[in-house]
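Letter by letter, the chains look like this.
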Amino acid sequence: MVKVFFSRRVVFEINDIVRYREKKYLSRYDLYVDLFKQFGLKVTDLVPLRNVYLLFTDKGQKILKKVEYSKENLQFIYEAVEYIRRSFDRVISFNKTLSGEIYAIFNGELYCVMDVAQGREAEFSNPIDVSIAVKSIAEMHKASEGYRCNYTEKCIAGRAIDNFKRRLEELSFFKKLALLHEYKSSFDEVFLTYVDSYIKEIEESIKFISSTPYLKLCSEEDKKVICHHDLANHNILILDDKAFFIDFDFAMVDLRVHDLCNFINKAVKNFAFDLDKANSIVEQYSAINPLDKRELEVLKAFLSFPEDFYNISKDYYARRKEWEEETFLDRLLRKLEYKEDREEFLSKFFIQW
Amino acid sequence: MTERYYLDFEDYLKSRGINVVKSFNADDDYIEPLSKDMVYKQLSTINKFHKLTMGVSSFNSGLMENCTGRKVERCKVRIKKLKRDISKFKENGPANDFEKLVLDKGPEYLERAEKAIKYIYDNGYFGLIERSMKRNEICIGSTYIDNIREDKEINIRSIKKCCYNMIECDAVHFINKLRKRGTNFDYIEGIKAFCNLEGLSEDSQRFIIAMVSYPDEFMKCCERYRYGKKEWNDDEYAKRLLAAMEKDGESLL
């Protein structure tokens, strides 16, 4: 078989047309030879790829990433992936600087360089890809068992109830904010139509999780793993029946059902919350990493939280994203489109498991 | 494994003897509906494109979309949504002629759609996907004679819909185009011929037969009504639904 690489021109075209949303972000990179020198790299060319740069260097292709969080956070990610790598090597690999650091500081900004991961992005409409991904998630979780986290803020096991409560307060605050707006945007109008039903849902989620052995589970070491926490299709690369995981920016230590909940939501939401797909994910995960009844109860409670509505509301009212007004509205409407599907899915999933 | 570099997908196609053209020669115009010979010639062109292009595992650049499984998933979603629509129309009573028509004909079309999807899953769907993934099959997406033709070489106008997918999906697209245009043709025979050319299994034949039996036009029209995608009034929607039923024709299952 011939393996084909396409040149930079194509990547430029793609980034010009499709990935315009990342332009602003990419323009903030300082692409100087001195920065590359710190990593001992001679760069002959570079092209943007999503929100990172692909470097063509004397040591092969590399990824340059501008780190938007603290050194401590980056250090945690490095330690976490290195822990996983002891028995599961399909995770990102950092390149150190000549002075042995995992990052370089240039013009006050933090940069890191990683090896390029081969493979193509997973496609969740493809049941084989979903199956490969879930099996690899289970394997990665197994590999991360026993990890002792020294970064308190990254260990969130036991904080879900408080977290749900905080988010409930935030949503109520966004509601007040929207009501205050004298000239309401279309987003405000739609948000206000639905916010009460979602506030109620979160209240139910809090009751639900409080009724599960959540806190007890969090005290059991074998139930806690390094969670990727952003298992979107573009963070899972498929190569020869195996999945490779990239972008651990949001990684944290929590119950393994946290990641499972994250993956189920992402894998089913664009398919009218396909119950069969979710069932198959739980079954395939359990075949490698058996889940007990208590974990399944917590999984259900996690799934009951309206993550998507909360996130888009926070993105909008807390100005977390630099999107156009219509992008926010479009995304909100898309999420509301599957409201009924999600409700139906949850009721059936709860009975099933 | 060898590594080769291409400027882009168009450059790759060129290296395989496939030209991306702006338009076709006016002398090559065709007459609708297509004759049996023309249909077979087009099936052969589609097959040649597949043979010439498959096997590329592109660098992770988002160069070409991966559409594997999308069509079947979309069909399943539409079934689910129509079921809910029918329940709502029943519960609230039909608000107009369109809803009356959906209440009357919907269950029959729903049954036909569900039968098609079940047939696919019962006949080695996963195996077909695995084969397609292993061979890195590339679909044309837009397979009709207005987009791809063969003279001495294969010429294609638009490569926008080219994607990684099971090659069966190109046959589904082409046969659906023929059916919609009312081409008088033995579709089962055509599907068998396509699978023979491609060296595909009986499961592939079953997949194509089931997918072209799925009432796509009926489902699409219901979706347009559900989301108000077209500025049509209720009567227009009802008319369009009747036309969709006509286009969907009979099930081949």
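Please read all numbers here as calculations on a predicted model, not as lab measurements.

Points about empty space enclosed by the protein
Residues and elements named next belong to chain A.
Here comes step 1: All told, the structure shown has 1 cavity of 30 Å³ or more when counted by the stated rule.
Here comes step 2: The wall of the largest cavity is formed by 13 residues, among which P306, D308, F309, Y338 and R342 lie closest to the centre.
Here comes step 3: Top contributing element to the lining of the largest cavity by residue count: helix α12 (residues 307–317), with 3 residues.
Here comes step 4: Residues that form the lining of the largest cavity fall into these classes: 7 nonpolar, 1 polar and 5 charged.

Quick word on the environment of I159 of chain B
Here comes step 1: Relative to the helices and strands, I159 of chain B resides in the loop between β7 (154–156) and β8 (163–164).
Here comes step 2: Between the C-alpha atoms of I159 of chain B and I140 of chain B, which are 19 residues apart in sequence, the distance is 7.1 Å.

What about the packing of helix α6 (residues 160–180) of chain A against helix α7 (residues 186–210) of chain A?
All names here are of chain A.
Here comes step 1: It is the contact of α6 with α7, at a shortest axis distance of 10 Å, that shows an interaxial angle of 160 degrees. Taken together, α6 and α7 sit at an angle that is classed as roughly antiparallel. Seen along the crossing, α6 lies across α7 with a hand that is left-handed.
Here comes step 2: Considered class by class, the residues forming the contact of α6 with α7 number 16 nonpolar, 3 polar and 5 charged.

Brief notes about the pattern of salt bridges
Here comes step 1: Here the structure, examined in full by the defined rule, presents 60 salt bridges over all chains.
Here comes step 2: For K36 of chain B, the salt bridge is made with E189 of chain B, and the minimal N-O distance between the two is 3.6 Å. Highlighted residues: K36 of chain B in helix α2 (residues 36–53) and E189 of chain B in helix α7 (residues 187–198), separated in sequence by 153 residues.
Here comes step 3: With a relative accessible area of 34%, E189 of chain B lands in the partly exposed category.
Here comes step 4: With its nearest N and O atoms 2.9 Å apart, the salt bridge here joins R206 of chain B to D203 of chain B. A residue pair is termed a helical-turn pair when its members lie 3 or 4 positions apart in one helix, as R206 of chain B and D203 of chain B do in helix α8 (residues 202–213) at 3 residues.
Here comes step 5: Residue classification places D203 of chain B among the partly exposed positions, given a relative accessible area of 24%.
Here comes step 6: Beyond isolated ion pairs, a larger network of salt bridges with shared partners links E340, D341, E344 and K348 of chain A together with K81, R84 and K88 of chain B.

Here we look at the sheet that holds strand β2 (residues 18–20) of chain B
Residue and element names in this part refer to chain B.
Here comes step 1: Ordered by their spatial adjacency, 3 strands build an open sheet running β2-β7-β6, and the pairing between neighbours is mixed. The sheet is open, and its two borders are formed by β2 and β6 (148–150), each paired with just one other strand. Going across the sheet, the axis of each strand differs from the next one's by a mean of 25 degrees, ignoring polarity.
Here comes step 2: Inspection of the sheet shows β2 paired to β7 by 3 bridges, in the parallel sense. Bridge pairing in β7 places N19 opposite N155.
Here comes step 3: Sheet strands touched by α2: β2, β6 and β7. Its angle to β6, the strand with the most contacts, is close to 95 degrees.

Analysis parameters
Residues numbered from 1 in each chain as written. Chains lettered and ligands numbered in written order. Predicted model: local features only at pLDDT ≥ 70, side-chain atom pairs only at ≥ 80, totals over all residues. Heavy atoms only, no water. 1 Å grid on protein atoms, 1.4 Å probe; cavity = no way out; pocket = protein on both sides within 12 Å on 5 of 7 lines; lining within 4 Å. Points joined across faces, edges and corners; volume = space filled by probe spheres on them. Helix = DSSP H or I, 4+ residues; strand = E, 2+ residues; numbered from the N terminus. Nonpolar A, V, L, I, M, F, W, Y, C, P; charged D, E, K, R; others polar. Axes fitted to C-alpha atoms, helices over the stretch in contact; angles between N-to-C directions. Parallel < 35°, antiparallel > 145°, perpendicular 65-115°, else oblique. Left-handed = near helix turned anticlockwise from the far one by under 90°. Salt bridge = Lys/Arg side-chain N within 4 Å of Asp/Glu carboxyl O. Buried < 20%, exposed > 50% of the residue type's maximum accessible area, 1.4 Å probe, protein only. Pairing = 2+ DSSP bridges. Contact = heavy atoms within 4.5 Å.

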